[in-house]
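Close look at the chain arrangement
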Amino acid sequence: MTMRIGVVTFPGSLDDGDAARAVRLAGADAVRLWHGDPDLHNVDAVVLPGGFSYGDYLRCGAIARFAPAMESIIDAARGGLPVLGICNGFQILCEAHLLPGALTRNQHLHFRNRDQWLRVESADTAWTNTFQPGQEILIPVKNGEGCYVADQRTLDALEAEGRVVARYIRGNPNGSQRDIAAVTNEAGNVVGIMPHPEHAVEALTGPSLDGLGFFTSVLRALAGATAGASHAGGHQ
């Protein structure tokens, strides 16, 4: 059975088409979800793509967080649904309190668009299980408000609990605290990442194929969950 991964479109979305393409290249069906529709159409996972400016004049993600689709996604994520937030999607996950911390204006106050090296710190999430801890990957970054911040207690907890998913290496593009590029929730099903893995899935258009691993990882996680449920069902 082909997995169904929803990609949410908000007013101003730029990268929803790219995210849907990455989903298809990974081997899943991409299901387009509209921000104003609370029906998630029985998807197995959700991607919140980057690039939308909807309500960002107030604070990135602050208004989009209240979209009808997000209310359903918040409930489903708390129940275990895998959710990946990319760039603005990361900001929304923080605004929705599915992830700790916040994304603020880049410290140097400039927009950054470049290919960025990351080090994968955690391969224990639904979205990173095909990577190796310590693996270095190259994917694009493009943001003006990508500086990850949190209080020291939260940062220490993220470190201690292994919830820093990826860090910037060979240069920090936005001043994020402790070079944090991606974090996860306690359960490991929700991941927010500031760089754009969906732009590193094809040799023709990306600097590498490294981003595809995020999308194949969730398929592996879903397949494992399905197999586990079937196995459990056979022993009832």
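Our subject is the structure that appears above.
What comes next concerns the included structure.

Reading the values: rules and limits
- Residues numbered from 1 in each chain as written.
- Predicted model: local features only at pLDDT ≥ 70, side-chain atom pairs only at ≥ 80, totals over all residues.
- Heavy atoms only, no water.
- Helix = DSSP H or I, 4+ residues; strand = E, 2+ residues; numbered from the N terminus.
- Contact = heavy atoms within 4.5 Å.
- Buried < 20%, exposed > 50% of the residue type's maximum accessible area, 1.4 Å probe, protein only.
- Pairing = 2+ DSSP bridges.
- Right-handed = clockwise from strand over helix to strand, strands pointing away.
- 1 Å grid on protein atoms, 1.4 Å probe; cavity = no way out; pocket = protein on both sides within 12 Å on 5 of 7 lines; lining within 4 Å.
- Points joined across faces, edges and corners; volume = space filled by probe spheres on them.
- Nonpolar A, V, L, I, M, F, W, Y, C, P; charged D, E, K, R; others polar.
- Axes fitted to C-alpha atoms, helices over the stretch in contact; angles between N-to-C directions.
- Core = buried A, V, L, I, M, F, W, Y, C linked by side-chain atoms within 4.5 Å.
- Salt bridge = Lys/Arg side-chain N within 4 Å of Asp/Glu carboxyl O.
- Phe/Tyr/Trp six-rings, centres within 6.5 Å; stacked < 30°, edge-to-face > 60°.
- Lys NZ or Arg CZ within 6 Å of the ring centre and 35° of its normal.
- Polar contact = N/O pair within 3.5 Å; in protein donor to acceptor, adjacent residues only side chain to side chain.

A few words now on the environment of Gly211. With respect to the helices, strands and loops of the structure, Gly211 is situated in the loop between strand E11 (190-193) and helix H5 (212-233). For the pair formed by Gly211 and Ala123, sequence separation is 88 residues and the distance between their alpha carbons is 14 Å. Each residue touching Gly211, except ones within four places of it in the same chain, is listed here: Ile139, Pro197, Ala200 and Val201.

Burial along strand E3 (residues 45-48) is two-sided: the face carrying Ala45 and Val47 and the face carrying Val46 and Leu48 are both buried. Note: strand E1 (residues 4-9) against E3, 3 bridges, orientation parallel. Residue pairing for E3: Ile5 is matched across the bridge by Ala45. Two elements, E3 and strand E4 (residues 83-86), share 3 bridges in a ladder whose sense is parallel. Paired with Val47 across the bridge in E4 is Leu84.

Turning next to the pairing of E1. Taken across its 6 residues, E1 has 5 buried, putting it largely inside the fold. Across 6 bridges, E1 lies against strand E2 (residues 29-34) in parallel orientation. From the neighbouring strand, Arg4 faces E2, where its bridge partner is Asp29. With helix H1 (residues 16-26) bridging E1 and the parallel E2, this β-α-β connection has right-handed handedness.

Here we take up empty space enclosed by the protein. In this structure the tally under the stated criterion is 1 cavity of 30 Å³ or more. Looking at the largest cavity, its volume works out to about 40 Å³. Mapped onto the lining of the largest cavity, the elements with two or more residues apiece are helix H3 (88-95) and strand E5 (102-104). Element by element, the count of residues in the lining of the largest cavity is highest for H3, at 3 residues. The class makeup of the residues in the lining of the largest cavity is 4 nonpolar, 1 polar and 1 charged.

With mixed pairing, the 9 strands of this open sheet are ordered in space as E2-E1-E3-E4-E11-E10-E9-E6-E7. For this open sheet the edge positions go to E2 and strand E7 (136-143), each flanked by a neighbour on one side alone. Mean inter-strand twist for the sheet, computed between neighbouring axes without regard to direction, equals 25 degrees. In this fold H3 packs onto E3, E4, strand E10 (180-184) and E11, with an angle of close to 120 degrees to the strand it touches most, E4.

Turning our eyes to something else, we now look at the nonpolar core. Nonpolar side chains in soluble globular proteins tend to be buried together. By size, the foremost hydrophobic cluster in this structure holds 68 residues, and its most contacted members are Val46, Leu48, Met70, Val83, Trp127, Tyr148 and Phe215. Those residues in contact with Trp127 that lie beyond four places of it in its chain are Ala45, Val46, Val47, Pro82, Val83, Leu84, Asn189, Val191, Gly213, Phe214, Ser217 and Val218.

This paragraph deals with the pattern of salt bridges. What the rule picks out here adds up to 11 salt bridges. Between Arg167 and Glu121 there is a salt bridge; the shortest N-O distance is 2.6 Å. Of this pair, Arg167 sits in strand E9 (residues 164-168) while Glu121 sits in the loop between strand E6 (112-120) and E7, and the two are 46 residues apart along the sequence. With a relative accessible area of 14%, Arg167 lands in the buried category. Three or more residues are tied together by salt bridges with common partners; here these are Arg119, Glu121, Asp156, Glu159, Arg167 and Arg178.

Moving on, we get to the packing of aromatic side chains. Within this structure, the stated rule accounts for 2 aromatic pairs. When the centroid spacing of 5.9 Å and the interplanar angle of 20 degrees are considered together, the rings of Phe90 and Tyr148 count as stacked. You can see Phe90 sitting in helix H3 and its partner Tyr148 sitting in strand E8 (residues 147-149), a full 58 residues away along the chain. For Phe90, a relative accessible area of 0% translates into the label buried. Residue classification places Tyr148 among the buried residues on the basis of a relative accessible area of 0%. Positioned above the aromatic ring of Phe66 is the side chain of Arg65, whose terminal nitrogen or guanidinium carbon lies 4.3 Å from the ring centre.

On to the side chain of Thr184, then. Within the fold, Thr184 resides in strand E10. Residue classification places Thr184 among the buried residues on the basis of a relative accessible area of 3%. Within polar-contact distance, the side chain of Thr184 engages the side chain of Asn185 at 3.4 Å. If near-sequence neighbours (up to four positions away) are discounted, Thr184 is found in contact with Leu99, Thr125, Leu158, Arg163, Val165, Asn189, Val190 and Val191.

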